[in-house]
Amino acid sequence: MKIPMTRSAGLAIAGIVAVGIIYACAGQRTATTNLVTGDAASKVYVAPGSYDEYYAFMSGGYSGQVSVYGLPSGRLLKLVPVFSQFAEDGYGYDAETKPLLETTYGFIPWDDSHHPELSMTDGVPDGRWLFINANNTPRIARIDLTRFETDEIIQIPNSAGGHASPFTTPNTKYVVSATRFSVPIPNTDVAIDSYKKNFKGTLSFITADQPGKMDIAFQILMPGYNYDLGHAGKGPSDGWFFFTSYNSEQANTKLEENASQNDKDYIAAVNYKRAEECVAQGQAKATTTEYYHNYVDPGSRQAKSEKKTSVKIVDPANCAGVVYYLPTPKSPHGVDVDPTGEYIVAGGKLATVIPVHSFTKLQKAIADKAFDKTVDGIPVLKYDAVMAGEVQKPGLGPLHTEFDGKGYAYTSMFISSEVVKWKLGTWEVVDRAPTYYSIGHLMIPGGDSKHPWGKYLVAMNKITKDRYLPTGPEMAQSAQLFDISGDKMKLLLDFPTIGEPHYAQALPASLIKDKQVKFHKLSENTSPWMTKSEADGGITRNGKHIDIKMIAIRSHFAPDNIEGVQVGDTVNFHVTNIEQDWDILHGFAVLGAQTSELILQPGETRTLTWIPKGPGVYPFYCTDFCSALHQEMQGYIRVSPAGSSVKLMANVSKKTQAQLAEAKKEK
Ligand code: RUQ
Ligand code: CUA
């Protein structure tokens with residue numbers, strides 16, 4: 001039967017040309033299966049009980065988290081909660097971790113995270129920390145890699161859409177964040193079509209080398225474009241930072257069309273040593289603004305929030321030599337600096353070439369004043385004066401580039417769904433491999449550093465379609481592992497990911513695996529609510545506020561019978577897991593609790609707050625299967641009507657046992 005095509009169907013097809021390219025790939029499915037050569041399975045096989053060679057950290061995209069995979073197996077090892085509450089750890093639910101998600105917009109239980117970035121020493125990932133940005137409410141988090149836990153989050157003021165973030169400088173002195181959306185600074189009520197006059201961008205440099213002490217060193221005020229991604233210089237270009245921008249048209253509506261007019265947009269080349277000088281000479285303006293800095297106290301493991309109220313802003317018009325613009329075709333997305341620090345590669349989403357700038361030429365062009373014009377005090381360098389070369393006919397939709405340390409670059413091509421390998425210096429394409437489908441970022445362990453470990457490449461694809469057993473309208477996103485040790489890329493493995501991994505980073509497991517904390521030492525626990533032994537548990541009343549200190553150990557809670565609580569009270573269970581043994585966790589859940597439960601690592605204290613709604617006896621129990629008698633790990637708390645004469649009692653300490661005896665006498 002022939003179905004006549006309606007007009008709207010025709011239009012729909014015309015409108016999805018790009019998607020058409022993607023889906024056409026589905027037809028090659030059988031062919032790709034054959035592309036996986038016979039020895040692929042053995043290359044990704046990690047025998048039971050054996051370890052993977054690399055840790056890979058993938059962003060969770062709109063899930064706000066980070067997931068940790070082993071490579072080459074593609075096995076999911078852990079999900080590290082960062083910008084979203086996560087029930088598996090009680091993260092963002094218990095009193096200890098909630099302050100981490102505090103912002104000037106209030107408590108935010110969910111954000112969008114994009115780019116994991118490892119700390120570096122001398123331009124090479126060192127395995128101390130992983131940073132990641134929140135996009136919607138601009139923030140940067142630090143994850144400690146001895147515990148795989150979020151320890152610190154700083155909010156970025158004067159910013160909207162913290163996308164170009166949190167790329168690090170070679171010794172992790174700074175991580176950065178740039179505004180994706182320009183906004184009025186300070187943000188205030190103006191007409192949207194006053195964009196060109198009132199909207200500005202900022203580039204923020206945040207000190208990052210001291211845990212618990214992240215701070216905004218300075219911000220640089222920029223023209224009202226969209227700032228997209230960044231990377232630090234290294235080697236000869238150390239001291240410089242590069243940010244892509246698009247919408248140099250300064251459109252405020254229909255950007256799809258209006259921000260794609262100019263033939264070239266810009267990469268901002270920032271001399272941040274120069275910015276430091278201007279700050280030191282008092283040329284930066286101290287500006288009042290509000291932002292939060294939240295961090296976990298290492299002893300008590302309680303997160304604290306502090307509000308900061310001012311930031312220093314450097315205006316390039318008053319700090320000559322701090323920023324130059326490199327003209328770059330055509331709405332560039334990624335900007336990546338090769339391992340030598342000489343080449344700055346741009347991913348012009350709509351460009352037909354991959355433009356590569358030369359740092360040496362950039363220096364010369366500045367010395368020669370080879371400028372086209374000046375925008376808001378920022379000299380625009382001549383394209384030909386800074387150009388190292390162009391990769392011709394690379395494919396369609398270049399986004400991101402990583403390097404293998406052997407003289408080659410690998411660029412993701414979103415529209416033509418492929419990875420393109422090309423040679424630095426000659427700019428010739430030497431290999432290409434299809435990806436399934438619509439690749440965004442790609443990642444080589446250390447692939448944006450001075451010394452990549454160029455054995456594997458992971459493609460992170462935006463569309464999955466038919467790659468796995470179907471799971472309804474929504475499919476898990478798909479990552480693909482390639483062997484890049486030879487001349488030709490070889491596809492080894494597909495594996496599903498959590499959320500939408502934009503960027504990822506990876507490093508050899510040997511750098512961190514032996515530094516893992518196995519439990520928290522009770523002797524170092526400084527929580528005011530710590531209970532170090534059974535006899536120290538108990539209950540105290542302070543008006544309508546009840547604090548219960550209890551311990552959890554295989555296989556009981558102490559106290560496990562609690563009375564004297566009344567309707568109208570707020571009850572805080574402060575539970576300490578007094579186990580001093582690796583991987584022995586306990587949980588704590590109480591019937592009627594509004595915020596689920598606690599999960600307690602060995603040696604830590606966490607707090608569940610409960611406002612009982614009515615009289616009764618409520619059981620509590622351990623939610624983490626900890627021993628053969630896990631099902632016996634339980635207790636009861638009695639709630640009496642307001643004003644009841646039932647005595648406060650918890651059946652543990654001598655004190656409470658005396659109270660208990662007293663209570664019995666009275667009956
Ligand atoms: S950006 S591919 Cu944040 Cu490229 Cu997603
Ligand atoms: Cu403790 Cu189960």
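Everything numeric in this text was worked out from a predicted model, so none of it was measured.

### Remarks on the sheet that holds strand 22 (residues 353–358)
Next up, step 1: In spatial order, the strands read 20-21-22-25; together these 4 strands make up an open sheet with antiparallel pairing. Looking at the sheet topology across the chains shown, the edges are occupied by strand 20 (332–337) and strand 25 (387–392). Direction aside, the axes of adjacent strands within the sheet are offset by 20 degrees on average.
Next up, step 2: Pairing of strand 22 with strand 25 involves 5 bridges; the strand directions are antiparallel. The partner of valine 353 across the bridge, within strand 25, is glutamine 392.

### A look at the site of ligand 1
Next up, step 1: If you check the shell around ligand 1, you find His114, His115, His163, His333, His400, Gly440, His441, Lys462 and His502 and nothing else.
Next up, step 2: Its residues assigned to classes, the shell around ligand 1 shows no nonpolar, 8 polar and 1 charged.

### A closer look at the nonpolar core
Across soluble globular proteins, you tend to see nonpolar side chains buried next to one another.
Next up, step 1: Counting 33 residues, the largest nonpolar core has Phe205, Ile220, Phe243 and Val270 as the members making the most contacts within it.
Next up, step 2: Here this core gets 4 residues from one element, more than from any other, and that element is helix 7 (residues 272–280).
Next up, step 3: Those residues in contact with phenylalanine 243, other than ones at most four positions away along the chain, are Ala164, Val176, Ala178, Leu203, Phe205, Leu229, Gly230, Tyr266, Ile267, Ala268, Val270 and Val335.
Next up, step 4: Grouped together as the second largest cluster of nonpolar side chains are 27 residues, Ala552, Phe588, Trp610 and Leu648 included.

### Topic: the state of the cysteines
Next up, step 1: Counted according to the given criterion, the structure contains 1 disulfide.
Next up, step 2: At a sulfur-sulfur separation of 2.0 Å, the disulfide partner of cysteine 278 is cysteine 319. Between cysteine 278 and cysteine 319, the S-S torsion sits near 90 degrees, and that sign places the bridge as right-handed. Within this pair, whereas cysteine 278 is found in helix 7, its partner cysteine 319 is found in the loop between strand 18 (303–314) and strand 19 (323–329), the two being separated by 41 residues in sequence. Assigned by exposure class, cysteine 278 and cysteine 319 land together as buried.

### Regarding the pairing of strand 19
Next up, step 1: A large share of strand 19 lies buried, amounting to 7 of its 7 residues.
Next up, step 2: Burial along strand 19 is two-sided: Val323, Tyr325, Pro327 and Pro329 facing one way and Tyr324, Leu326 and Thr328 facing the other are all buried.
Next up, step 3: Bridge count between strand 16 (residues 264–271) and strand 19: 7 bridges; the pairing is antiparallel. Counterpart to aspartate 265 in the pairing with strand 19 is threonine 328.

### A closer look at the sheet that holds strand 28 (residues 418–423)
Next up, step 1: One open sheet holds the 4 strands; their spatial order is 26-27-28-29, and the pairing between them is antiparallel. Every other strand in the sheet has two partners, leaving strand 26 (398–403) and strand 29 (429–434) as the edge strands with one partner each. Across the sheet, the mean angle separating the axes of adjacent strands is 20 degrees when strand polarity is ignored.
Next up, step 2: Across 6 bridges, strand 27 (residues 408–413) lies against strand 28 in antiparallel orientation. From the neighbouring strand, threonine 411 faces strand 28, where its bridge partner is valine 420.

### Let's talk about the domain arrangement of the chain
Next up, step 1: Segmenting the chain into domains produces domain 1 (2–515) and domain 2 (522–666).
Next up, step 2: A separation of 45 Å is found between the C-alpha centroids of domain 1 and domain 2.
Next up, step 3: Contact with domain 1, which involves 14 residues of that partner, is made by 13 residues of domain 2.
Next up, step 4: Inspection of the region where domain 1 meets domain 2 yields 2 salt bridges.
Next up, step 5: Here aspartate 94 makes a salt bridge to arginine 606, at a shortest N to O gap of 2.6 Å.
Next up, step 6: If you look at where domain 1 meets domain 2, you find 9 residue pairs in polar contact (both at pLDDT 80 or more).
Next up, step 7: Grouping the constituent residues of the side of domain 1 that touches domain 2 by class yields 2 nonpolar, 5 polar and 7 charged.

### Side note on empty space enclosed by the protein
Next up, step 1: Applying the stated criterion to the full structure yields 1 cavity of 30 Å³ or more.
Next up, step 2: If you go around the largest cavity, the residues you meet are Glu117, Met120, Gly123, Thr168, Pro170, His231, Ala232, Gly233, Lys234 and Asp448.
Next up, step 3: Sorting the residues of the lining of the largest cavity by element identifies strand 6 (117–121) and strand 14 (226–232) as the ones contributing at least two each.
Next up, step 4: Residue classes in the lining of the largest cavity are distributed as 3 nonpolar, 4 polar and 3 charged.

### Topic: helix 8 (residues 359–367)
Next up, step 1: What helix 8 keeps buried is the set Phe359, Leu362, Ala365 and Ile366. Projected onto a plane normal to the axis of helix 8, the buried residues spread over an arc of 115 degrees and lie on a single side. Relative to its buried face, helix 8 has exposed residues pointing more than 90 degrees away, namely Thr360, Lys364 and Ala367.
Next up, step 2: Where helix 8 begins, one side-chain oxygen reaches toward the backbone nitrogen of threonine 360, 3.3 Å away; that side chain belongs to serine 358.
Next up, step 3: One or two steps after helix 8, the chain reaches lysine 369, where phi turns positive at roughly 50 degrees.

### Describing the pattern of salt bridges
Next up, step 1: Enumeration according to the criterion identifies 33 salt bridges in this entry.
Next up, step 2: The salt bridge involving lysine 173 is made with glutamate 276; its shortest N-O contact spans 2.9 Å. Pair noted here: lysine 173 is in the loop between strand 9 (149–155) and strand 10 (174–178) and glutamate 276 is in helix 7, with a separation of 103 residues, a long-range link.
Next up, step 3: Accessibility expressed as a relative area gives 38% for lysine 173, which makes it partly exposed.

### Brief notes about the environment of alanine 642
Next up, step 1: Assignment of secondary structure puts alanine 642 in the loop between strand 44 (634–640) and strand 45 (649–650).
Next up, step 2: What makes alanine 642 exposed here is its relative accessible area of 54%.
Next up, step 3: Residues alanine 642 and valine 567, 75 residues apart in the sequence, show an inter-C-alpha distance of 5.1 Å.
Next up, step 4: In contact with alanine 642, other than residues within four places in its own chain, are Gln566 and Val567.

### Points about unusual backbone geometry
Next up, step 1: Here the amide bond leading from serine 165 into proline 166 is cis, since omega sits at -5 degrees, within 30 degrees of zero.
Next up, step 2: Residue placement: proline 166 occurs in the loop between strand 9 and strand 10.
Next up, step 3: With an omega of -5 degrees, the peptide bond between isoleucine 185 and proline 186 qualifies as cis.
Next up, step 4: As for its position among the elements, proline 186 is in the loop between strand 11 (183–184) and helix 5 (195–198).
Next up, step 5: A positive phi angle, close to 60 degrees, is found at arginine 301, a residue other than glycine.

The rules we used
- Residues numbered from 1 in each chain as written.
- Chains lettered and ligands numbered in written order.
- Predicted model: local features only at pLDDT ≥ 70, side-chain atom pairs only at ≥ 80, totals over all residues.
- Heavy atoms only, no water.
- Pairing = 2+ DSSP bridges.
- Helix = DSSP H or I, 4+ residues; strand = E, 2+ residues; numbered from the N terminus.
- Axes fitted to C-alpha atoms, helices over the stretch in contact; angles between N-to-C directions.
- Near = heavy atom within 4 Å.
- Nonpolar A, V, L, I, M, F, W, Y, C, P; charged D, E, K, R; others polar.
- Core = buried A, V, L, I, M, F, W, Y, C linked by side-chain atoms within 4.5 Å.
- Buried < 20%, exposed > 50% of the residue type's maximum accessible area, 1.4 Å probe, protein only.
- Contact = heavy atoms within 4.5 Å.
- Disulfide = S-S within 2.5 Å.
- Domains from an automatic or database assignment.
- Salt bridge = Lys/Arg side-chain N within 4 Å of Asp/Glu carboxyl O.
- Polar contact = N/O pair within 3.5 Å; in protein donor to acceptor, adjacent residues only side chain to side chain.
- 1 Å grid on protein atoms, 1.4 Å probe; cavity = no way out; pocket = protein on both sides within 12 Å on 5 of 7 lines; lining within 4 Å.
- Points joined across faces, edges and corners; volume = space filled by probe spheres on them.
- Arc of directions from axis to C-beta.

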